[in-house]
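Chain by chain, the residues:
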Amino acid sequence: MGQNTEKFMMENPERPLILGVDDDPTTHVILEDLLQDEYELVFATNGQECLQTIEKREPAITLMDVRMPVMDGLEACKAIRDSANHGDVSVIF
């Protein structure tokens, strides 16, 4: 677990934030069904929205699709890694 994930979970022990990034609304519904009881969820539909969301609220973990419009998941992950403030955000493709 990364330092930011541990920090977030200590500050919010009941419901860590998960960011779901996918342009398919069905994926959002599936993630909600599976995770909403134990996690706070926010969603983005492309990599650009993902980066904007992370600037506002850093998630404990990011679940990201690879192929999306505007900015794909690989580009978004590179931008996250290159960020001075958010480079250690956990990303799962």
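See above for the structure.
Residues numbered from 1 in each chain as written. Predicted model: local features only at pLDDT ≥ 70, side-chain atom pairs only at ≥ 80, totals over all residues. Heavy atoms only, no water.

**Q** How do you make sense of the nonpolar core when you look at a structure like this?
**A** Nonpolar side chains in soluble globular proteins tend to be buried together. Core analysis: the largest hydrophobic core is formed by 13 residues, its most contacted members being Leu19, Val21, Cys50, Ile54, Met64, Ile80 and Val91. Of all elements in the fold, only strand S1 (17-21), helix H3 (47-56) and helix H4 (73-82) reach the threshold of two or more residues within this core. Beyond its immediate sequence surroundings of up to four residues, Met64 is in contact with Val21, Cys50, Gly73, Ala76, Cys77, Ile80, Val91, Ile92 and Phe93. (Core = buried A, V, L, I, M, F, W, Y, C linked by side-chain atoms within 4.5 Å. Buried < 20%, exposed > 50% of the residue type's maximum accessible area, 1.4 Å probe, protein only. Helix = DSSP H or I, 4+ residues; strand = E, 2+ residues; numbered from the N terminus. Contact = heavy atoms within 4.5 Å.)

**Q** Would you take a moment to explain the pairing of strand S2 (residues 40-44) for this structure?
**A** In summary, the side chains of a regular strand alternate between the two faces of the sheet. Where S1 and S2 come together, 5 bridges link them in parallel fashion. Residue pairing in the sheet places Gly20 in a bridge with Phe43 of S2. What joins S1 to S2 is helix H2 (residues 25-35), and the crossover it makes is right-handed. (Pairing = 2+ DSSP bridges. Right-handed = clockwise from strand over helix to strand, strands pointing away.)

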